[in-house]
Amino acid sequence: MNPDYIAVVINSTIRMTMPVLFVALGSAICNKVNVFNLALEGQMLVGAFSAIAINFFTGSLVLSVLGAALAGMIIALIVAVIQIKFAGQDMVVGTSVNILALGGTSFLLYILFNTKGYFTDPSMSGLTKISIPVIRRIPFLKTIFGDLTFVDYLAIVIAVLMFFYLYKTVSGFRLQSVGINKKAAESCGINGTGIQMAAVLCSGILCGLGGALLTLGQVTLFIENITAGRGFIAMAAAMLGNSHPLGVMAASFFFGFAEAVGTMMQNTAIKGQLTLAFPYIVTIITLVLSSGKVRRRKKVKVYKKV
Amino acid sequence: MKKCEIISAGHKLNVKNYIVKLLQPIFSILAGLFVGGIIIALMGENVIDTYITMFRGGFGSPYYFMSTLTRATPIIFCGLGVVVSWRAGLFNIGGEGQMIVGAITSVAVAVYLPIDGITGLLISLMAGIVAGGLYALLAAWLEARFGVLLLITTLLMNYIADYVTTYLLVYPMRNTEGDAIVVRSEAIPESMWIPRMNLVNGSTLHYGIVIALVLTAALIFINRKTVFGYESRISGLNPGFAEYGGIKQTKMMLMAMFISGALCALGGSIEVMGTKHAYYGGMITSTSFAWTGLMAALVADLNPVGTVICSIFLAGIQTGGAMLERSTNVPLEITMVIQAIITLLISAKFFVRFLSRHSERKKEKEEGATV
């Protein structure tokens, strides 16, 4: 296998990873405050749609990205209010919000652009690709870091920042304490519900950014249900990485790799429809392989108690 | 505790509770329609006229009502599938995948096995049921054996089922006759179709709806009178207690998921054997039968009879929505938005809160005193 091909695979992996990484970080921060947020998929989908819509109407990339983050946050606000404030059942809220996002984006697609299925327009431009001066001169690295946008790099930056916030700051520890024991944290004067809601809002922003990257990153296009289960793959990544930002990043890269391989296989003897199923199968197998041990340990604990 | 709320509500035999329970979905539906009305008004359409068109399209004449029932049939099956799994605390959101597996298996059996007539129909329905049940069982087994969250695997398996089925339709099972734009399988021989009921001239309603109603009755019986029904309810309410009480959780879980998957799959099988008579690409995902069934079950608070009623109501909104799309600028997707808003409002239990605010305040005070 020649180095060029490897570089292309790595580049493709990075591009596939970043949207999922945003959402996985969002999932991780919800896990950290012990909120089961199932609506990540919907938040991402709305972000993806808003990015395209704002891009089309204003032509401004900055506004599109900010607007996507804001839209994701608004959807997250619904989740936060109903699920945390009004103690709605997490499964019901999450599923309803996901369906609302799916129906709502398809609805708006028809209202705003008078089309069904997908929307793209030559007047729109995708996020600007960044080329780093030194790397640009080295052929191998040039391919690896080629075609990446500002938002792609932002994902890594946020992951690292989140690590420092959660594990190196007082506020981060407070946030974690809410997840470990909300009542105990509240007895120390921490606003548990407020922190939980803030965390869900953060996940909304992150999902919105991930969605914007999906529709404005590699392609400039919105397709109905473009997220296609990525929110759930991201949840798997957050679980796999044990909600630790850097672990989540590693897990996301793994799933990104699976998606990249799936895309690459389209050029081989295996038919396209089957390769599309590949990332989902890999996700399930990975969850099985990684959580086998966890389960056994838990069982022993239960028996000891009895 | 949060997990049980949805399942536990309404086990107190209290008239006021029942009224509140009944008012809850009704108010939520009205509120959902109200929000939908705001959206329609923002589009510059006449809200009242739009809703009249919509409800006339769903329930306005015997013929329209028959179309609604035809559409409701697979939705009811998926709703019942959700009832079985969710009340046992198993959040199966893979109804769509199970439905696809059931439908494609039935079509494959009906088209490629040299069988015919009513036996052929029964065999292909059975094949669909078993395939869908096993598909759901796989997810349940992964949770029981490896602790992989069921709700993630079932959802991801929707996409796997969809892509693999698309592959089957595009290559091995493709029907080369007819126009090349629509991807579809070979047609099912007419002798194997589920017979039509012919209550109204020209309606497509078939006996699938009868099977759905019979299964609803069976489900009520199972829930109330059998050990499995009791065990699954207790497991949903309080898994720890169920384990302590000696309920074999793994066995219960596998069984509940198999039944849940089988019900969803039967919905898919009946749709192809009764209505479409072939598998068309995307026929199950684009109609979002499974998600509508899920919402119907949630609106009904996992009550089987309520699920049937809600399924018919939501199906009516959808058939009406299709008519709306033809006559106004309002797209069909408005129905999905309204449905999702209804379930969201239901999940927050806003109206229960409103109606029993007084008693809740009292409770809070008591709780405050004990803490």
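Residues numbered from 1 in each chain as written. Chains lettered and ligands numbered in written order. Predicted model: local features only at pLDDT ≥ 70, side-chain atom pairs only at ≥ 80, totals over all residues. Heavy atoms only, no water.

## Notes on the overall build of chain A
Phase 1 of the analysis: In terms of regular secondary structure, chain A is built from twelve helices and two strands.
Phase 2 of the analysis: What you see in chain A, going N to C, is helices and strands ordered as α-α-α-α-β-α-α-α-α-α-β-α-α-α.
Phase 3 of the analysis: Looking at chain A as a whole, 53% of its 306 residues are labelled buried.
Phase 4 of the analysis: Long-range contacts, defined as pairs at least 24 residues apart, comprise 75% of the intrachain contacts of chain A with a sequence gap of at least 6.
Phase 5 of the analysis: A total of about 13400 Å² of accessible surface is found on chain A, and carbon and sulfur atoms cover 68% of it.
Phase 6 of the analysis: One way to put it: in chain A the 23 positive side-chain charges average out to a point 16 Å from where the 9 negative ones average out. (Helix = DSSP H or I, 4+ residues; strand = E, 2+ residues; numbered from the N terminus. Buried < 20%, exposed > 50% of the residue type's maximum accessible area, 1.4 Å probe, protein only. Contact = heavy atoms within 4.5 Å. Areas by Shrake-Rupley, 256 points an atom, 1.4 Å probe, with all protein chains shown as cover. Lys, Arg positive; Asp, Glu negative; His and termini not counted. Charge placed at Lys NZ, Arg CZ, Asp CG, Glu CD.)

## Focus on the environment of D49(B)
All names here are of chain B.
Phase 1 of the analysis: Considering the arrangement of structural elements, one finds D49 in helix 3 (residues 47-59).
Phase 2 of the analysis: Residue D49 is classed as partly exposed on the basis of its relative accessible area, which comes to 43%.
Phase 3 of the analysis: Residues D49 and Q318 lie 269 residues apart in sequence; the distance between their C-alpha atoms is 16 Å.

## Here we look at the packing of helix 10 (residues 230-240) of chain A against helix 11 (residues 245-264) of chain A
Residues and elements named next belong to chain A.
Phase 1 of the analysis: Where helix 10 contacts helix 11, the two axes come as close as 7 Å, and the packing angle between them is 135°. If you check the angle between helix 10 and helix 11, you find them oblique. Read as a crossing pair, helix 10 and helix 11 show a hand that is right-handed. Residues R230, I233, A236, A237, A238 and L240 of helix 10 lie in contact with helix 11, whose contacting residues are V248, A251, S252, F255 and E259.
Phase 2 of the analysis: When its residues are assigned to classes, the contact of helix 10 with helix 11 shows eight nonpolar, one polar and two charged. (Axes fitted to C-alpha atoms, helices over the stretch in contact; angles between N-to-C directions. Parallel < 35°, antiparallel > 145°, perpendicular 65-115°, else oblique. Left-handed = near helix turned anticlockwise from the far one by under 90°. Nonpolar A, V, L, I, M, F, W, Y, C, P; charged D, E, K, R; others polar.)

## Regarding the interface of chain B and chain A
Phase 1 of the analysis: Tallying the contact residues gives 51 residues for chain B and 49 residues for chain A.
Phase 2 of the analysis: A per-residue breakdown of the area chain B buries against chain A is headed by L156(B), Y163(B) and L344(B), which together make up 14% of the total.
Phase 3 of the analysis: Where chain B touches chain A, the interface holds two salt bridges.
Phase 4 of the analysis: In this structure, the connection of chain B to chain A is made through five residue pairs in polar contact (both at pLDDT 80 or more).
Phase 5 of the analysis: Elements that contribute at least two residues to the side of chain B that touches chain A include exactly helix 1 (2-8), helix 6 (117-146), helix 7 (150-170), helix 12 (289-299), helix 14 (333-348) and helix 15 (350-355) of chain B.
Phase 6 of the analysis: Element by element, the count of residues in the side of chain B that touches chain A is highest for helix 7 of chain B, at 13 residues.
Phase 7 of the analysis: The residue makeup of the side of chain B that touches chain A, split by class, is 37 nonpolar, six polar and eight charged. (Buried area = accessible area lost by both parts, 1.4 Å probe. Salt bridge = Lys/Arg side-chain N within 4 Å of Asp/Glu carboxyl O. Polar contact = N/O pair within 3.5 Å; in protein donor to acceptor, adjacent residues only side chain to side chain.)

## Describing the pattern of salt bridges
Phase 1 of the analysis: Scanning the model with the defined rule gives three salt bridges over all chains in all.
Phase 2 of the analysis: Its salt-bridge partner being K116(A), residue E333(B) comes within 3.4 Å of it at the nearest N-O pair. In this pair, E333(B) sits in helix 14 while K116(A) sits in the loop between helix 4 (90-113) and strand 1 (118-119), so the two residues belong to two different chains.
Phase 3 of the analysis: A residue is classified by how much of its surface remains accessible, and E333(B), at 12% relative accessible area, is buried.
Phase 4 of the analysis: Within the structure, one salt-bridge network assembled from shared partners comprises K116(A), E325(B) and E333(B).

## Side note on the side chain of S106(A)
Phase 1 of the analysis: Along the polypeptide, S106(A) turns up in helix 4.
Phase 2 of the analysis: Here S106(A) is in contact with E224(A) and E333(B), once residues within four sequence places are set aside.

## What to know about the nonpolar core
For soluble globular proteins, the rule of thumb is that nonpolar side chains tend to be buried together.
Phase 1 of the analysis: Among the nonpolar cores identified, the biggest contains 195 residues, and W86(B), I93(B), L151(B), M273(B) and Y279(B) are the most heavily contacted of them.
Phase 2 of the analysis: With residues near it in sequence (within four places) discarded, I93(B) still touches M91(A), T95(A), F232(A), W86(B), L151(B), T154(B), L155(B), N158(B), W291(B) and L294(B). (Core = buried A, V, L, I, M, F, W, Y, C linked by side-chain atoms within 4.5 Å.)

## Here we look at helix 4 of chain A
Phase 1 of the analysis: For helix 4 of chain A, with 24 residues, the first-to-last C-alpha span of 33 Å sits near the 34 Å given by 1.5 Å per residue.
Phase 2 of the analysis: Directly beyond the C-terminal end of helix 4 of chain A, a positive phi value near 55° is found at N114(A). (Expected span 1.5 Å × (residues − 1).)

## Focus: the confidence of the model for chain B
Phase 1 of the analysis: Overall, the prediction assigns chain B a mean pLDDT of 84, with 89% of residues at 70 or greater.
Phase 2 of the analysis: In the model of chain B, helix 1 of chain B stands out as the element of lowest mean pLDDT, 46, in contrast to helix 5 (residues 95-112) of chain B, which has the highest, 93. (pLDDT = per-residue confidence, 0-100.)

## Looking at unusual backbone geometry
Phase 1 of the analysis: Of note in the backbone geometry, A228(A) takes a positive phi value of approximately 40° without being a glycine.
Phase 2 of the analysis: Note that A228(A) resides in the loop between strand 2 (222-223) and helix 10.
Phase 3 of the analysis: If you check the backbone angles, H277(B) has positive phi at about 60° while not being a glycine.
Phase 4 of the analysis: One can find H277(B) in the loop between helix 11 (249-276) and helix 12.

## Section: a nonpolar patch on the surface
Residue and element names in this part refer to chain A.
Phase 1 of the analysis: The grouping of I6, I10, V134, I138 and F140 at the surface amounts to a nonpolar patch, some 390 Å² of accessible area in total.
Phase 2 of the analysis: Among the secondary structure elements, I10 is positioned in helix 1 (residues 3-32).
Phase 3 of the analysis: Residue classification places I10 among the partly exposed residues on the basis of a relative accessible area of 32%. (Patch = residues over 30% accessible without salt bridge, like charges linked within 9 Å, V, L, I, M, F, W, Y side chains within 5 Å.)

## Side note on helix 11 of chain B
All names here are of chain B.
Phase 1 of the analysis: With 28 residues, helix 11 should reach 40 Å at 1.5 Å per residue; the first-to-last C-alpha distance of 39 Å fits that figure.
Phase 2 of the analysis: For helix 11, the buried fraction is high: 20 of the 28 residues fall into the buried class.
Phase 3 of the analysis: Where helix 11 ends, the next residue or the one after it, H277, has phi of about 60°, a positive value.

## Some remarks on the packing of aromatic side chains
Phase 1 of the analysis: Here the structure, examined in full by the defined rule, presents 20 aromatic pairs over all chains.
Phase 2 of the analysis: Between Y280(A) and Y159(B), the aromatic rings sit 5.1 Å apart at their centres with planes inclined by 5°, giving stacked as the arrangement. Placement of Y280(A) in helix 12 (residues 272-305) and of Y159(B) in helix 7 is noted, with the two residues assigned to different chains. The exposure classification of Y280(A) matches that of Y159(B), with both residues buried.
Phase 3 of the analysis: Ring geometry for Y167(B) versus Y171(B): centroids 5.6 Å apart, planes at 40°, classification tilted.
Phase 4 of the analysis: Three or more aromatic residues joined by ring pairs make a cluster, and in this case those are F49(A), F56(A), F57(A), F113(A), F119(A) and F222(A).
Phase 5 of the analysis: Sitting over the ring of Y110(A), K116(A) keeps its end group 5.4 Å from the ring centre.
Phase 6 of the analysis: Between the NZ or CZ atom of R145(B) and the centre of the ring of F146(B), over which it lies, the distance is 4.7 Å. (Phe/Tyr/Trp six-rings, centres within 6.5 Å; stacked < 30°, edge-to-face > 60°. Lys NZ or Arg CZ within 6 Å of the ring centre and 35° of its normal.)

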